[in-house]
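Structural features, examined
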Amino acid sequence: MESLGVAVVGFGWMGRVHTQAYSRVAHHFPQLGLRPRLVTVAEEVPGRAEEAAERYGFASATRDWRAVAADPRVRAVSITAPNFLHREIGVAMAEAGKHIWIEKPVGLAAGDARAVADAVAKAGVQGAVGFNYRNAPAVEAARELIAAGEIGTVTHVRVRLFSDYAAHPEGALTWRYERARGGSGVLGDLASHGADLARYLLGDIEALVADTSVFVPERARPTGATAGHTRAAGGELGPVENEDYVSCLLRFASGARGVLEACRVSVGEQNNYGFEVHGTRGAVLWDFRRMGELGVSRGTAYQDQPVSTVYVGPGAGDFAAFQPGAANAMGYDDLKVIEAHRFLRSVAEGTPYGATLPDAVHAAAVLDAMARSAESGTWVRPEGT
């Protein structure tokens, strides 16, 4: 069994998720010809990399990600640093011959995603992107159902991503709320997943019109290092520079229509992510909070046609790697284990599996188009896809 030296750059919550996925992948996918070996972790916050190394078993720790690029022991790198660092780190790792698993939205704009994608292609390495919701076995089952014509010709879709992670008025003014370091707000955080899901299910987005808003215009600056969604009551107030909310009408190349809506300050909503796809003979519905279920309507009744609950099982996606029978629950971290497996399989076989850098470029182009549309108030086409 071949050992593959891996590193994690950026050790907030997502860095931990990637690390745990590497540790679990062999248990769920024993047929994989590679075994990831935790070589080093990089994190600029003092003490955090050393703590991660001690807790998870990395052989070494560093505060400088450049040391990872120069480390001959490392063949693959997870990039889970803040958005503004994605382009620089991603390009450097690819040029150093490292395979990369990078979190969305891959930089601050579509140009960043393209730069990383070009570097990966030029270096001949593999590149995976953290669009984890497409890995849910129920989502993969929905895609197959749609492609098979089970609901007829798709007419329209609604994709929603509502969360309350930024709803508290004492939420700290971290890099996420700054244009220079976070880029777009809820566009990059949540709507990027929506753009990927919409394209994954229905194909390319041809044109769109969007509206955005900031509902919490000021937040307190943190006084120290932050991780996740920290509160900072009483600190100096600063402006929120990017979007809390986006709504978007979509036109697909297939002729279907869509609505994508995302918000990070939705009080009462905790990870309310999902979609409803309607066709000429039926519909398929998915809610992330009931990840192993699909609502399916199909038949010839049309009017008053019922919706059935289908519990996905071992025949859907990679469900069998986690549970033996339908209706046994999977969780968010399981989706990242699937993602890790597909990334490592890509490295082992030299063929892309799962979400890739070109997928990130498509999603980023849609996000850029949303921003342009919100500014101009007009329909626009995603560029360069």
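In the block above lies the structure referred to throughout.
How each quantity is defined
- Residues numbered from 1 in each chain as written.
- Predicted model: local features only at pLDDT ≥ 70, side-chain atom pairs only at ≥ 80, totals over all residues.
- Heavy atoms only, no water.
- Helix = DSSP H or I, 4+ residues; strand = E, 2+ residues; numbered from the N terminus.
- Rg over C-alpha atoms; globule rule 2.2 N^0.38 Å.
- Buried < 20%, exposed > 50% of the residue type's maximum accessible area, 1.4 Å probe, protein only.
- Contact = heavy atoms within 4.5 Å.
- Areas by Shrake-Rupley, 256 points an atom, 1.4 Å probe, with all protein chains shown as cover.
- Pairing = 2+ DSSP bridges.
- Core = buried A, V, L, I, M, F, W, Y, C linked by side-chain atoms within 4.5 Å.
- Axes fitted to C-alpha atoms, helices over the stretch in contact; angles between N-to-C directions.
- Parallel < 35°, antiparallel > 145°, perpendicular 65-115°, else oblique.
- Left-handed = near helix turned anticlockwise from the far one by under 90°.
- Nonpolar A, V, L, I, M, F, W, Y, C, P; charged D, E, K, R; others polar.
- 1 Å grid on protein atoms, 1.4 Å probe; cavity = no way out; pocket = protein on both sides within 12 Å on 5 of 7 lines; lining within 4 Å.
- Points joined across faces, edges and corners; volume = space filled by probe spheres on them.
- Arc of directions from axis to C-beta.

Comments concerning the overall build of the protein chain
- Regarding its fold elements, the protein chain presents 10 helices and 16 strands.
- A compact globule built from 385 residues would reach a C-alpha radius of gyration of about 21 Å, and the protein chain, at 21 Å, matches this within 12%.
- Projected onto the principal axes, the alpha-carbon positions of the protein chain cover approximately 65 × 55 × 40 Å.
- Taking all 385 residues of the protein chain together, 56% fall into the buried category.
- Considering only contacts within the protein chain whose residues lie at least 6 apart along the sequence, 70% involve residues at least 24 apart.
- Carbon and sulfur atoms make up 48% of the accessible area of the protein chain, which amounts to about 15,900 Å² in all.

A few points about the pairing of strand β13 (residues 272-279)
- Among the eight residues in β13, seven count as buried, and that is most of the element.
- Direction of pairing for strand β7 (residues 154-162) relative to β13: antiparallel, over a ladder of eight bridges. Residue pairing for β13: Arg 158 is matched across the bridge by Glu 276.
- Connecting the antiparallel pair β13 and strand β14 (residues 282-287) is a turn made up of two residues.

Remarks on the nonpolar core
- Among the nonpolar cores identified, the biggest contains 127 residues, and Met 93, Leu 208, Val 277, Val 284, Trp 286, Leu 357 and Met 370 are the most heavily contacted of them.
- Residue contributions to this core peak at 10 residues, all from helix α8 (residues 186-202).

Details of the packing of helix α5 (residues 110-123) against helix α10 (residues 357-376)
- At a minimum axis separation of 8 Å, α5 and α10 run at an interaxial angle of 165°. What the angle tells us is that α5 and α10 run roughly antiparallel. Helix-helix and strand crossings are classified by hand; for α5 and α10 the assignment is left-handed. Each of Ala 110, Ala 113, Arg 114, Val 116, Ala 117 and Val 120 in α5 lies in contact with α10, whose residues at this interface are Leu 357, Ala 360, Val 361, Ala 364, Ala 365 and Asp 368.
- Taken together, the residues of the contact of α5 with α10 break down into 10 nonpolar, no polar and two charged.

Observations concerning the sheet that holds strand β3 (residues 60-62)
- Strands sit in the order β3-β2-β1-β4-β5-β6 across an open sheet of six strands; the sheet is parallel. Unpaired on one side and paired on the other, β3 and β6 (127-129) mark the two borders of the sheet. Sheet twist, expressed as the average angle between the axes of neighbouring strands with direction ignored, equals 25°.
- Strand direction decides the pairing type here: strand β2 (residues 34-42) and β3, joined by three bridges, are parallel. Within the sheet, the bridge partner assigned to Val 41 lies in β3 and is Ala 61.
- Its contacts with the sheet place helix α1 (residues 13-28) against β1 (2-9), β2, β4 (76-79) and β5 (99-102), and it is angled at close to 155° to β2.
- On top of the sheet, helix α9 (residues 332-349) reaches β1, β2, β4, β5 and β6; it is set at about 160° to β5, its chief contact.

Description of the layout of surface pockets
- When its volume is computed, the second largest pocket comes out at roughly 180 Å³.
- In terms of lining, the second largest pocket is formed by 16 residues, of which the most central are Leu 108, Ala 109, Gly 183, Ser 184 and Asp 368.
- Of all elements in the fold, only α7 (179-182) and α10 reach the threshold of two or more residues within the lining of the second largest pocket.
- Among the elements that line the lining of the second largest pocket, the one with the most residues is α10, at four residues.
- Its residues assigned to classes, the lining of the second largest pocket comprises nine nonpolar, five polar and two charged.

Overview of helix α2 (residues 48-56)
- Within the span of α2, buried status applies to Arg 48, Ala 49, Ala 52, Ala 53 and Tyr 56. Projected down its long axis, α2 shows its buried positions confined to an angular sector of 140°, all on one face. Pointing more than 90 degrees away from the buried face of α2 are the exposed residues Glu 51, Glu 54 and Arg 55.
- Just past α2, the residue Gly 57 takes up positive phi, approximately 95°.

Just distances and angles here, no functional claims.
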